[in-house]
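Structural description and commentary
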Amino acid sequence: MEVELAEVRDFLAAHPPFDSLPGTVLDELPTRCTLRYARRGSLVLRAGLTNDRLFVVRSGAVDITDGTRLVDRVGAGGCFGMSALIEKAPTRYDVTAIEDTLLITIPQPYVDDLLEQHEPVAVHFAATHRERLRSALGQLQQPQRGSAVFRTSVRDLLRVTPVTASPDVSITEAARAMAEAGVSSLLLMEHGRLVGILTDRDLRRRVLAAEVSPDRPVREVMTPDPVTVRADALALEVLLEMTGRNIHHLPVLDEHDAVAGLVTTTDLVRLERSNPVYLVTDLERQTDVEGVVRLAGRVPRIVDQLVQEDATAADIGRVTAALTDALTVRLIQIAEAELGPAPASWCWVALGSAAREELALAGDQDNAMVLADDADPSHPWWGMLAERVVAGLEACGRERCPGDVMATNPRWRTTARGWRREFGRWSHEPEPDAVLAAAIFYDMRPVHGDTALVTALRDDVVALGSRSELLLAYLTGQAARQRPPIGFFRGFVLEDAGEHRDTLDIKRGISAVVQIARVHALRAASPVLPTSERLAVARARGVLSAEAATDLIDAFELMSYLRLRHQAEQARQGLTPDNHLNPSTLGSLDRRHLRDAFQVVRSAQHWLTTRLPQVP
């Protein structure tokens with residue numbers, strides 16, 4: 001081997017991913033390479049042009065920029081130009097030499113051979129997407145704090161029907177009406193038209209301080225022709241009106257000038273302070289299903305608000321799950337009030353994404369009941385309560401599970417002993433249906449009732465599942481088959497027919513990460529439920545490399561955030577939220593980062609199929 005070729009070989013052999021190549025491949029590699037010199041300040045690659053080779057920096061350094069933003073700086077031993085080769089598309093970046101730089105270039109056909117025949121090389125280049133994903137998350141979650149809250153419409157602030165009276169009633173009668181209703185203002189109506197408003201402050205200043213007789217008609221002390229606001233106005237307009245006029249009550253009129261409600265400063269304070277907390281408080285006061293359903297209508301707005309206030313997908317998922325728990329608990333309490341006490345100790349459990357606290361706006365219900373071992377599962381109380389709660393959740397916007405994985409199914413409301421039998425069967429005699437069931441029921445979280453029943457049950461069945469190599473092999477095969485919607489050449493795989501034509505189902509990518517994390521957690525006998533925590537457990541126990549776990553966590557967060565942003569926009573437009581994104585509506589950066597995320601998932605699946613036993 002000539003001296004120059006030997007020098008190139010030794011250089012490549014000292015840097016990843018080429019250091020993983022067999023000696024025979026390393027010996028051949030220099031013969032396929034060429035050298036290129038780039039003077040300081042010269043443009044090596046221009047965005048938008050085609051590129052037919054991989055560049056390895058032999059000496060010097062280059063800057064990779066996306067418009068005005070520095071994406072990466074690559075020094076000796078580093079590579080660039082890989083994305084364009086993989087995508088078979090024009091390069092997306094400008095690459096500029098910031099020093100006099102010597103480059104080793106490898107033509108695309110030989111790079112393709114290396115990727116196909118040497119897994120460490122493919123894994124290495126997939127891993128370079130990690131920093132790009134982190135950058136994408138930072139851009140997606142730019143804070144818009146202070147703008148979203150007050151973009152809420154006034155109509156959405158209306159909570160209760162205002163108390164009204166005739167302006168001809170006495171001041172005493174008006175004050176009594178306010179006291180009985182527990183309100184601080186009274187709207188005075190004449191012939192169906194708003195003619196005045198009386199507030200607590202009016203009673204203090206215009207009646208008590210002025211020593212006006214309480215027998216006088218309220219017309220004499222009311223504020224006539226009060227300032228009003230339209231129902232389609234924004235909360236910001238209400239805030240400005242109240243602040244500018246130093247008033248605390250603002251009647252709201254609809255498009256026909258009829259009174260639609262009343263907004264108070266308290267409503268704005270409640271809006272500014274975390275809505276989820278107040279929604280839970282309001283739920284506790286509801287005495288019927290209709291009230292619970294009405295409050296459930298606030299959930300999409302809360303999610304929208306959180307998306308626009310830079311919350312992470314993980315945080316939004318936890319909030320949404322907490323709100324769904326609160327809805328569920330109140331529905332259970334209302335049902336218990338109607339049916340009487342339960343005949344035995346029991347617990348309502350959430351399954352799937354609700355159990356992992358990764359809820360989005362779209363999706364159906366997955367729930368069950370765990371009964372004490374001395375309970376009679378055939379007692380009618382269980383079925384009647386389950387039907388009331390499931391129907392209530394359906395009215396709140398959570399569709400019934402098409403697979404009937406709900407507490408209304410007698411099979412899924414059994415004793416703890418019965419559940420142990422089911423898990424035992426799934427562990428020892430797994431079949432396709434049993435594997436699907438196991439995947440759902442291993443994600444179980446207590447919501448209401450005797451939580452100790454579920455805690456003890458999970459401790460036993462997680463340990464049982466971790467020892468079942470057959471079940472783990474089935475779950476591994478299932479995780480490897482759940483492909484993200486991306487093709488071999490990094491093109492999105494779109495629906496080609498039906499109502500979702502030309503969209504991609506982002507849930508496929510999200511579900512793939514969920515299943516990969518579940519396999520790793522069960523292998524580690526870990527009881528944790530959130531996907532990111534499961535991947536962290538796998539990293540801590542050395543099952544996954546730190547790099548691979550971080551990549552998957554970032555990819556999961558990015559896909560989940562894009563889905564939530566899509567669903568919040570749909571809810572804002574009055575559409576039913578779904579998981580189908582139209583790539584043409586995404587910006588170029590979002591499309592690129594989504595491809596990177598899907599590629600990370602595919603690399604993790606490839607690792608599963610090559611390292612762990614599986615049943616296809």
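This is a predicted model, so every value here is computed, not measured. (Residues numbered from 1 in each chain as written. Predicted model: local features only at pLDDT ≥ 70, side-chain atom pairs only at ≥ 80, totals over all residues. Heavy atoms only, no water.)

This part takes up helix 14 (residues 313–339). In a regular helix each residue adds 1.5 Å, so 27 residues correspond to 39 Å; helix 14 covers 38 Å between its end C-alpha atoms and thus fits that length. Of the residues one or two after helix 14, Gly340 is the one with positive phi, at around 90°. (Helix = DSSP H or I, 4+ residues; strand = E, 2+ residues; numbered from the N terminus. Expected span 1.5 Å × (residues − 1).)

Trp348, Phe441, Met559 and Leu594 are the most contacted members of the largest nonpolar core, which has 109 residues in total. The element best represented in this core is helix 14, accounting for eleven residues. Discounting residues that sit within four places of it in the chain, Phe441 has contacts with Leu351, Ala368, Val405, Trp412, Trp419, Phe423 and Trp426. If you look at the next biggest cluster of nonpolar residues, it comprises 21 residues, including Leu12, Leu21, Met82 and Ile106. (Core = buried A, V, L, I, M, F, W, Y, C linked by side-chain atoms within 4.5 Å. Buried < 20%, exposed > 50% of the residue type's maximum accessible area, 1.4 Å probe, protein only. Contact = heavy atoms within 4.5 Å.)

Adjacent strands of a sheet pair through backbone hydrogen bonds, lying either parallel or antiparallel. Taking strand neighbours across the sheet as the criterion, the four strands line up as 9-10-11-12 in an open arrangement whose pairing is mixed. In this open sheet, the two edge strands, each paired with only one partner strand, are strand 9 (164–165) and strand 12 (223–224). Bridging between strand 11 (residues 193–199) and strand 12 involves two bridges; their strand directions are antiparallel. Residue pairing across strands places Ile197 opposite Thr223, the latter belonging to strand 12. Where helix 8 (residues 200–208) meets the sheet, it contacts strand 11 and strand 12, and its direction lies at approximately 70° from that of strand 11. (Pairing = 2+ DSSP bridges. Axes fitted to C-alpha atoms, helices over the stretch in contact; angles between N-to-C directions.)

Taken in spatial order, the four strands line up as 18-17-16-19 in an open sheet, and their pairing is mixed. Strands with a single pairing partner mark the edges of an open sheet, and in this sheet they are strand 18 (413–415) and strand 19 (444–449). This sheet shows a mean twist of 30° between the axes of neighbouring strands, independent of strand direction. Strands in contact with helix 14 are strand 16 (346–351) and strand 19; relative to strand 19, the strand with the most contacts, it is inclined by about 40°. Contacting strand 17 (367–371), strand 18 and strand 19, helix 17 (residues 416–428) runs over the sheet at an angle of about 100° to strand 18.

Attention now moves to the environment of Ala524. Mapped onto the fold, Ala524 is located in the loop between helix 21 (506–523) and helix 22 (531–540). Note on Ala524: relative accessible area 11%, which makes it buried. Between the C-alpha atoms of Ala524 and Val537, which are 13 residues apart in sequence, the distance is 7.9 Å. In this structure, Ala524 is in contact with Val537 and Arg541, ignoring residues within four places of it in sequence.

The next point concerns the pattern of salt bridges. In total, this model carries 27 salt bridges according to the counting rule given. Residues Glu220 and Arg216 are paired through a salt bridge, measuring 2.5 Å at the closest nitrogen-oxygen approach. Residue classification places Glu220 among the partly exposed positions, given a relative accessible area of 47%. Owing to a relative accessible area of 39%, Arg216 belongs among the partly exposed residues under this scheme. Measuring nitrogen to oxygen at the nearest pair gives 2.9 Å for the salt bridge that ties Asp460 to Arg420. Here Arg420 lies in helix 17 and Asp460 lies in helix 19 (residues 451–466), a separation of 40 residues in the sequence. Of the residues examined, Arg420 reaches a relative accessible area of 29% and is grouped as partly exposed. Three or more residues are tied together by salt bridges with common partners; here these are Arg356, Glu358, Asp443, Arg518 and Arg534. (Salt bridge = Lys/Arg side-chain N within 4 Å of Asp/Glu carboxyl O.)

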